Amino acid sequence: MYICVCNAISERQVQEAIAQGAADLSDLQAQLGIATCCGQCADTATDYLPGGRYATELAAAPAMAPARVVQAPLLTSTEIRRVA
Ligand code: FES
């Protein structure tokens, strides 16, 4: 889907620019040229920035804690016979 019709800039291009560090509309304008003609796309492009309604879930998701590894104790042959 095109976000900026004047400059043929797609939603994907906007999302990639944001993933690479674009933090505000001026960054998107500098990197992509979005909202540099009629300006009708400025609000929509801003909605893709962090905190906007179309911001990606990846950017909004909290970092996951690393998995915890639990090592079970090894059973001796006597303990194995008792269990079996
Ligand atoms: S639609 Fe983006 S500048 Fe016109």
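Because the structure is a prediction, the values reported are computed rather than measured.

Conventions used here
Residues numbered from 1 in each chain as written. Predicted model: local features only at pLDDT ≥ 70, side-chain atom pairs only at ≥ 80, totals over all residues. Heavy atoms only, no water. Helix = DSSP H or I, 4+ residues; strand = E, 2+ residues; numbered from the N terminus. Buried < 20%, exposed > 50% of the residue type's maximum accessible area, 1.4 Å probe, protein only. Contact = heavy atoms within 4.5 Å. Areas by Shrake-Rupley, 256 points an atom, 1.4 Å probe, with all protein chains shown as cover. Axes fitted to C-alpha atoms, helices over the stretch in contact; angles between N-to-C directions. Parallel < 35°, antiparallel > 145°, perpendicular 65-115°, else oblique. Left-handed = near helix turned anticlockwise from the far one by under 90°. Nonpolar A, V, L, I, M, F, W, Y, C, P; charged D, E, K, R; others polar. Salt bridge = Lys/Arg side-chain N within 4 Å of Asp/Glu carboxyl O.

### Focus on the overall build of the protein chain
Each helix and strand in the protein chain was counted, giving 5 helices and 2 strands. Traced from its N-terminal end to its C-terminal end, the protein chain shows the element sequence β-β-α-α-α-α-α. Within the protein chain, buried positions represent 21% of all 84 residues. In the protein chain, once contacts between residues fewer than 6 apart in sequence are set aside, the share between residues at least 24 apart is 41%. Only carbon and sulfur atoms are counted for the fraction: they give 55% of the accessible area of the protein chain, which is about 6600 Å².

### Brief notes about the side chain of S10
The topology assignment puts S10 in strand β2 (residues 9–10). On the accessibility criterion, S10 (18% relative accessible area) is buried. Setting aside its immediate chain neighbours within four residues, S10 contacts M1, Y2 and I3.

### What about the packing of helix α1 (residues 11–19) against helix α2 (residues 25–32)?
The geometry of α1 relative to α2 is characterised by a closest axis approach of 10 Å and an angle of 115° between their N-to-C directions. If you check the angle between α1 and α2, you find them roughly perpendicular. Where α1 crosses over α2, the handedness of that crossing is right-handed. Counted together, Q13, V14, A17 and I18 of α1 and L28, Q31 and L32 of α2 form the full contact between these two elements. Considered class by class, the residues forming the contact of α1 with α2 number 5 nonpolar, 2 polar and no charged.

### Focus on the pattern of salt bridges
Per the stated rule, a full pass over the model turns up 2 salt bridges. Across the pair E16 and R12 runs a salt bridge whose closest N-O atoms are separated by 3.3 Å. Separated by 4 residues within a single helix, E16 and R12 lie in helix α1, roughly one turn from each other. By relative accessible area, which is 38% here, E16 ends up partly exposed. Overall, R12 belongs to the exposed group, its relative accessible area being 61%. As a salt-bridge pair, D47 and R53 come within 3.0 Å of each other at their nearest N and O atoms. Using a relative accessible area of 18% as the deciding quantity, one classes D47 as buried. Judged by its relative accessible area of 64%, R53 falls in the exposed class.

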